[in-house]
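# Structural overview for review
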Amino acid sequence: MAAITAALVKELRERTGEGMMDCKKALEKAGGDIEKAIDDMRASGAIKAAKKAGNVAAEGAIAVKTDGKAAVLLEVNSQTDFLALQDDFKNFVAESLEEAFAQKLTDAAPLIASREAAREALVAKCGENVNIRRLVRVEGDVVGAYLHGNKIGAAVVLKGGDIELAKNIAMHVAASNPEFLDSSEISAEAIEREKNVFLQLNADKIAGKPENIVENMINGRITKFKAEASLKEQAFVMNPEVKVGELAKKAGAEIVSFTYFKVGEGIEKPVDDFAAEVAAQVAAAKQ
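Please read all numbers here as calculations on a predicted model, not as lab measurements. (Residues numbered from 1 in each chain as written. Predicted model: local features only at pLDDT ≥ 70, side-chain atom pairs only at ≥ 80, totals over all residues. Heavy atoms only, no water.)

## Overview of the sheet that holds strand β2 (residues 70-78)
Pairing is antiparallel in the open sheet, where three strands are placed in the order β1-β2-β3. The outermost strands of the open sheet, each flanked by one partner alone, are β1 (59-66) and β3 (130-139). Taken over all neighbouring pairs, the strand axes of this sheet differ in orientation by 15 degrees on average, direction set aside. By the bridge criterion, nine bridges tie β2 to β3 in an arrangement that is antiparallel. Looking across to β3, one finds that Leu-73 is bridged to Val-136. (Pairing = 2+ DSSP bridges. Helix = DSSP H or I, 4+ residues; strand = E, 2+ residues; numbered from the N terminus. Axes fitted to C-alpha atoms, helices over the stretch in contact; angles between N-to-C directions.)

Following this line, the structure appears as structure tokens:
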């Protein structure tokens, strides 16, 4: 019998849309065999049909709430963007965000547990899988946040300055998605990766050139990479003449941290091949 791990329960939940306790019980009954658990749930009428790979919840919404001293960013996923625009889904997200902020939650796990009944009711009503994926809470001297539609959210913590400045920098973060706060934070691995990419892309230009010339070309690219990847070194979107770090400094502020959320970031979305599916169905019909 396979161990009934949290990861196994989570996978069954994502594939069926059913509650965590129901999934755990089904796995225990099936001896840890997830496919048998799905079949048993289907046979007992617990679910109408097992979720397939195409039912990955990779759409949804980002929600943000801040009071100037703290901010919560929350991602809730749905299977389709259509559902993300419906009032039932929006209400679920809004209620979840309010609870997370009021309870000062710093991790999604307690929110997922608390909102499970509401999530199950929403799934039953809309017929789509819905998941609370992640949340982050940040606190500081000055906190500003920005939400771009319902797809991208950002929060910035400042030491000094004001909320308007923090919000403007958060808007910049949402637009440019920097990898690092400061160029000093860029790891040697990231620099080496960028160097290798540059060498591969410019193999023809580099061929036959003296070693010192190649080294200067590489250094130039790394310098540019550091400026592009670092928030403080980026040109401010609202005024490209000034860097973000300089903007904060002129206002008597220091950027402490930033957070960036984008819907579905890091989730592998299945690619539907309709022609292949039709061909497979035709071939099966001929057998």
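## Re the sheet that holds strand β8 (residues 254-262)
Read from one edge of the open sheet, three strands run β4-β5-β8, paired in antiparallel fashion. At either margin of the open sheet sits one strand with a lone partner, and together these are β4 (142-148) and β8. Ignoring strand direction, the axes of neighbouring strands in this sheet form an average angle of 15 degrees. Where β4 and strand β5 (residues 152-159) come together, seven bridges link them in antiparallel fashion. When the bridges of β5 are listed, Gly-144 appears paired with Val-156. Contacting β4, β5 and β8, helix α8 (residues 163-176) runs over the sheet at an angle of about 40 degrees to β4. (Contact = heavy atoms within 4.5 Å.)

## A word on the confidence of the model for the protein
Looking at the protein as a whole, the pLDDT averages 87, with 87% of positions reaching at least 70. Segment residues 48-54 is flagged for pLDDT under 50; beyond a separation of four residues in sequence, or across chains, it makes 14 contacts in the model. (pLDDT = per-residue confidence, 0-100.)

## Some thoughts on the packing of aromatic side chains
Following the criterion strictly, the structure yields zero aromatic pairs and no others. When the ring centre of Phe-261 is taken as origin, the NZ or CZ atom of Arg-134, which lies over that ring, is 3.9 Å away. (Phe/Tyr/Trp six-rings, centres within 6.5 Å; stacked < 30°, edge-to-face > 60°. Lys NZ or Arg CZ within 6 Å of the ring centre and 35° of its normal.)

## Some points on the packing of helix α9 (residues 188-201) against helix α11 (residues 211-229)
Across the interface, α9 lies against α11 with an axial gap of 10 Å and an inter-helix angle of 125 degrees. Compared by their axis directions, α9 and α11 come out oblique. The two elements α9 and α11 meet at a crossing, and its hand is right-handed. Within the contact between the two elements, α9 uses Ala-190, Ile-191, Glu-194, Lys-195, Phe-198 and Leu-199 and α11 uses Met-217, Ile-218, Arg-221, Ile-222, Phe-225 and Lys-226. Per-class residue counts for the contact of α9 with α11 are eight nonpolar, no polar and four charged. (Parallel < 35°, antiparallel > 145°, perpendicular 65-115°, else oblique. Left-handed = near helix turned anticlockwise from the far one by under 90°. Nonpolar A, V, L, I, M, F, W, Y, C, P; charged D, E, K, R; others polar.)

## Thoughts on helix α5 (residues 87-102)
Taking 1.5 Å of rise per residue, the 16 residues of α5 would be expected to cover 22 Å, and the 22 Å separating its terminal C-alpha atoms lies within 8% of that figure. The complete set of buried residues in α5 reads Phe-89, Phe-92, Val-93, Ser-96, Leu-97, Ala-100 and Phe-101. Angularly, the buried residues of α5 cover 155 degrees about the axis, an arc narrow enough to put them on a single face. Opposite the buried face of α5, by more than 90 degrees, sit the exposed residues Asp-87 and Ala-102. On its buried side, α5 packs onto β1, β2, α4 (81-84), α6 (108-114), α7 (116-126) and β3. Among the residues trailing α5, Lys-104 stands out with phi positive, at a value near 55 degrees. (Expected span 1.5 Å × (residues − 1). Buried < 20%, exposed > 50% of the residue type's maximum accessible area, 1.4 Å probe, protein only. Arc of directions from axis to C-beta.)

## With respect to the pattern of salt bridges
On inspection of all chains with the given rule, the structure shows 17 salt bridges. For Asp-40, the salt bridge goes to Lys-36, with nearest N and O atoms at 3.1 Å. Of this pair, Asp-40 and Lys-36 both sit in helix α3 (residues 34-43), four residues apart, which is roughly one turn of that helix. Of the residues examined, Lys-36 reaches a relative accessible area of 39% and is grouped as partly exposed. Linked through salt bridges whose partners overlap, the residues forming this network are Glu-75, Arg-133, Arg-134 and Glu-265. (Salt bridge = Lys/Arg side-chain N within 4 Å of Asp/Glu carboxyl O.)

## A closer look at the side chain of Gln-79
Here Gln-79 shows up in the loop between β2 and α4. Of the polar contacts made by the side chain of Gln-79, one reaches the backbone nitrogen of Asn-129; its length is 2.6 Å. (Polar contact = N/O pair within 3.5 Å; in protein donor to acceptor, adjacent residues only side chain to side chain.)

## A look at the environment of Val-64
Relative to the helices and strands, Val-64 resides in strand β1. Separated by 89 residues in sequence, Val-64 and Gly-153 have C-alpha atoms that sit 6.6 Å apart.

## A closer look at the packing of α5 against α7
At a minimum axis distance of 11 Å, the contact between α5 and α7 shows a crossing angle of 170 degrees. Viewed along their axes, α5 and α7 adopt a mutual orientation that is roughly antiparallel. For the pair α5 and α7, the contacting residues are Asp-88, Phe-89 and Phe-92 in the first and Ala-118, Arg-119, Leu-122 and Lys-125 in the second.

## What to know about the environment of Ser-184
Structurally, the position occupied by Ser-184 is in the loop between α8 and α9. With relative accessibility at 62%, the residue Ser-184 sits in the exposed group. The sequence separation of Ser-184 and Lys-226 amounts to 42 residues, and the corresponding C-alpha distance is 8.8 Å. A distance of 2.8 Å separates the side chain of Ser-184 from the side chain of Asp-182, its partner in a polar contact.

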